[in-house]
Amino acid sequence: MDLGWVDLFTDITLDILCEIVYPCPMKQMITAKLKLHTAASQFQALRKTSLAYRDALNYVSRYSFAHGKKSNQEWLQKETYAAVRATYHLPAQMACNVPRQVGATYKTLWTKVKKNHAARKAGITKKRYKGLDQPPKYVSPTLTYNSHRDYSLKPEQQVSILTLDGRVVVSYTGYQKHLALMRAAAHIGAAKLWYDKPRKQFYLLVTLELEIADPTPETHQHVVGVDVGQRYLAVTAQLDNGASFYSGKQTRAKADHYARLRKRLQHKGTRSATRRLVVISGRERRLKAATNHQISRRMVDQHPHSIIGLEDLTHIRERTKRRHGKKASKKQRRANRHASNWAFAELHGYIAYKAMLAGSMAVKVDAHYTSQACPRCGHTCEDNRPNKGLLFVCQSCHYSLHADLIGARNVALRTLLTRQDWMSTGVLEVSPDVSSDEAKAARRSRYAELRWSPDTSPQL
C-alpha cells in the first residue's frame, strides 16, 4: 500500500479542493509548486533527509500497529519521539510531524473500516476492508516542513531548507502568478518537499492562504447551473437560455483504453506488468486532472461574478439503483465503471476554488431528480427519459430537449432559489440541508414549484 503517495496527494487535494464554505472574511488555500535548483551536495542532503523521514514514518507506523493500531497523535509522539530523534537524527520539529502524519493515516483507515462494517451489516457489500491487516507502509519520501522553522523564503527567489546536515539555501522557480502572490499579501503556511524520482528533481509544495472579498447578492447576480455526466463531462445552463457542452468522448475513449490495458496486465501478473500498472495509473490520474482543470477554467472564465450551482453528489452510488456483478450485462458493467472512475468530486472542487479566485462562487444544490423533472411544467417520472438516453421528452407537456441540458436547467433554477433566499434572509446556504427528512421534504416541495421561463432571469 503506497500510503506515502496517498498522503501527498490527499494533502495537496485538501489544499486545492477547498470545502465550499464562506466565513468572514473568506479565505482560499492554494498550493504553489516551486522547482528547486540544487547543487550536487544540496541534492544529497535533501535526499538523505527525505529518506530518513520516510524510514521514521514506517517505524512509527509499525509501532502503532503493534500497540493496538492506535491513531492518537499525542500518544504516538510521547512513545516514539525519543526513538525517532536518536535513531533517525531528525530535527525536533520533523520528529513531531512524523507521529502526527502516522496518526492521521490510522484515523483515515479506521474511518474506512467503520464504513465498511456498516456497509456489510446493511448488505451493501460482502467484501471486508483489509487496510489495517498490515501496518501501512510509506513509500514516497515526502516530508513536511513548517514555515519559519524548517524552511523560510529568502530574497531573490531563494529558500532556506533544513536538512540532517544543517540548512541549505536553494534557488527556485515557479508559476509567475504564484510567485507574485508569495511576494504580496498571501499568508505562507506549511510546505512539502516532494521528490520526483523519474526526473530526479525536488519540488517544494508551499501552501498559500488568500483572503477573498466577501460576496454579496449585488456582486453575484448571474446564475449558472452545472450538470455532470459521462457523454458530456459537464453541461452549463444560464437563465437566459444560454448553454455550453463539454464533451467527454475523447477522454472517455482514452480512459477505456487504459482500462483494457489494465485488465490484460492484471491478468498477466508479472513484476514487469505490475510496474506498467503503476505507470498507467499515473497517466490516467494526470489525464483526469488535466481534463477537469481545462473544463473548470473555461467554465469560470465564461461566467465571471456568478453563482455557480453544483449538484450535491454525496452518497450518489448508494442512492442510484444499478445492477452489479453477474446480474449486470456487459454494457451495464461498462457504464458502472464509467460512473465510478471519473473524478466528479475533483471537478466540483476545481470549479469551486477557481470560481472563488475569479470573483464568483459555487454552491451545492440537491440533485434529487434533476434529470427526470420537466423544468417547464414540473412533471417528474422515469419515462421522461426514454431508455435513459440523451433525449428528454416530458410525458405531460411533451417538452423535449437534451437530457443533460434539462439537468443543468433544473440545477440553475434551484441555484436561483438559493440566491433569492440569500437576498431575503441575508444568509447564503452553500449546501442543501440534510439534517432531517422534514427539511428534505420541505426543500423538495419548493423545488417542485420551479418553472423554466425567460422571465426567471434577474433584471440587471
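Residues numbered from 1 in each chain as written. Predicted model: local features only at pLDDT ≥ 70, side-chain atom pairs only at ≥ 80, totals over all residues. Heavy atoms only, no water.

Q: Quick question: what am I supposed to make of the overall build of the protein chain here?
A: A tally of helices and strands in the protein chain yields 12 helices and 14 strands. Within the protein chain, the proportion of its 460 residues that are buried is 46%. Carbon and sulfur atoms provide 52% of the accessible area of the protein chain, an area that totals close to 25,100 Å². (Helix = DSSP H or I, 4+ residues; strand = E, 2+ residues; numbered from the N terminus. Buried < 20%, exposed > 50% of the residue type's maximum accessible area, 1.4 Å probe, protein only. Areas by Shrake-Rupley, 256 points an atom, 1.4 Å probe, with all protein chains shown as cover.)

Q: What am I meant to see in the packing of helix H6 (residues 249-268) against helix H7 (residues 271-302) here?
A: Any two packed helices are characterised by how steeply their axes cross, that is the angle between the axes, and by the distance between the axes. In the contact formed by H6 and H7, the axes pass within 10 Å of each other and the chain directions differ by 165 degrees. As the angle between them shows, H6 and H7 are arranged roughly antiparallel. Taken as a pair, H6 and H7 cross one another with a handedness that is left-handed. Where H6 abuts H7, its residues Thr251, Lys254, Ala255, Tyr258, Leu261, Arg262, Leu265, Gln266 and Lys268 lie against Ala273, Arg276, Leu277, Ile280, Arg283, Glu284, Leu287 and Thr291. (Axes fitted to C-alpha atoms, helices over the stretch in contact; angles between N-to-C directions. Parallel < 35°, antiparallel > 145°, perpendicular 65-115°, else oblique. Left-handed = near helix turned anticlockwise from the far one by under 90°. Contact = heavy atoms within 4.5 Å.)

Q: Any chance you could explain the sheet that holds strand E1 (residues 26-37) here in plain terms?
A: Within a sheet, adjacent strands bond to each other through the backbone by hydrogen bonds, running parallel or antiparallel. Across the sheet, which stays open at both edges, the seven strands sit in the order E2-E6-E7-E1-E5-E4-E3 with antiparallel pairing between neighbours. Since the sheet does not close on itself, it has two edges, and those belong to strand E2 (143-145) and strand E3 (151-154), each with one partner. The sheet shows a mean angle of 35 degrees between the axes of neighbouring strands, direction not considered. Note that strand E4 (residues 158-163) and strand E5 (residues 166-173) share six bridges and pair antiparallel. Each bridged residue has a counterpart across the sheet, and for Val159 the counterpart in E5 is Val170. Its contacts with the sheet put helix H2 (residues 40-66) on E1, E2, E4, E5, strand E6 (187-196) and strand E7 (201-212), and the angle it makes with E2 is roughly 110 degrees. Relative to the sheet, helix H10 (residues 344-357) contacts E1 and E7, its axis offset from that of E1 by approximately 100 degrees. (Pairing = 2+ DSSP bridges.)

Q: Sorry, what's going on with the pattern of salt bridges here?
A: If charged atoms from side chains of opposite charge come close, those side chains can pair. Scanning the entire structure with this criterion turns up nine salt bridges. Its salt-bridge partner being Arg199, residue Asp196 comes within 3.1 Å of it at the nearest N-O pair. On the basis of relative accessibility, which here comes to 63%, the residue Arg199 falls in the exposed class. We note a salt bridge from Asp366 to Arg444, for which the minimum N-O separation is 2.8 Å. Here the residue Asp366 occupies a position in strand E12 (residues 361-366), and Arg444 occupies one in helix H12 (residues 437-447), the gap between them amounting to 78 residues. Look at Asp366 and you get buried, because its relative accessible area is 7%. Relative accessible area serves as the criterion here: at 29%, Arg444 is assigned to the partly exposed category. Here the salt bridges share partners, and the residues they tie into one network are Arg262, Glu284 and Lys288. (Salt bridge = Lys/Arg side-chain N within 4 Å of Asp/Glu carboxyl O.)

Q: Looking at this model, I keep getting lost on the nonpolar core. Mind explaining?
A: Side chains of nonpolar character tend, in soluble globular proteins, to be buried together. One finds Leu36, Leu90, Tyr145 and Leu204 to be the most contacted residues of the largest nonpolar core, which totals 50 residues. It is H2 that provides the largest number of residues to this core, a total of seven residues. The next biggest cluster of nonpolar side chains, apart from the first, holds 17 residues, and it includes Val226, Val228, Phe344 and Leu347. (Core = buried A, V, L, I, M, F, W, Y, C linked by side-chain atoms within 4.5 Å.)

Q: Please clarify how the pairing of E1 should be interpreted in this entry.
A: Regular strands have side chains that alternate between both faces of the sheet. The sheet contact formed by E1 and E7 spans 10 bridges and is antiparallel. Its bridge partner being in E7, Lys33 is matched across the sheet by Leu205. As paired elements, E1 and E5 share three bridges and run antiparallel to each other. Residue pairing in the sheet places Leu36 in a bridge with Tyr172 of E5.

Q: How do you make sense of the side chain of Asn410 when you look at a structure like this?
A: With respect to the element layout, Asn410 can be found in helix H11 (residues 403-425). For Asn410, a relative accessible area of 6% gives the class buried. At a separation of 3.0 Å, a polar atom in the side chain of Asn410 contacts the main-chain carbonyl oxygen of Ala373. Among all residues touching Asn410, those that are not within four sequence positions of it are Thr370, Ala373 and Pro375. (Polar contact = N/O pair within 3.5 Å; in protein donor to acceptor, adjacent residues only side chain to side chain.)

Q: How should I be thinking about H10 in this particular structure?
A: For an α-helix, 3.6 residues make a turn, and residues three or four places apart therefore share a direction. Between the first and last C-alpha of H10 there are 20 Å, a value that for 14 residues agrees with the 20 Å anticipated at 1.5 Å per step. What H10 keeps buried is the set Phe344, Glu346, Leu347, His348, Gly349, Tyr350, Ile351, Ala352, Tyr353, Lys354, Ala355 and Met356. Gly359 lies just past H10 and shows a positive phi near 90 degrees. (Expected span 1.5 Å × (residues − 1).)

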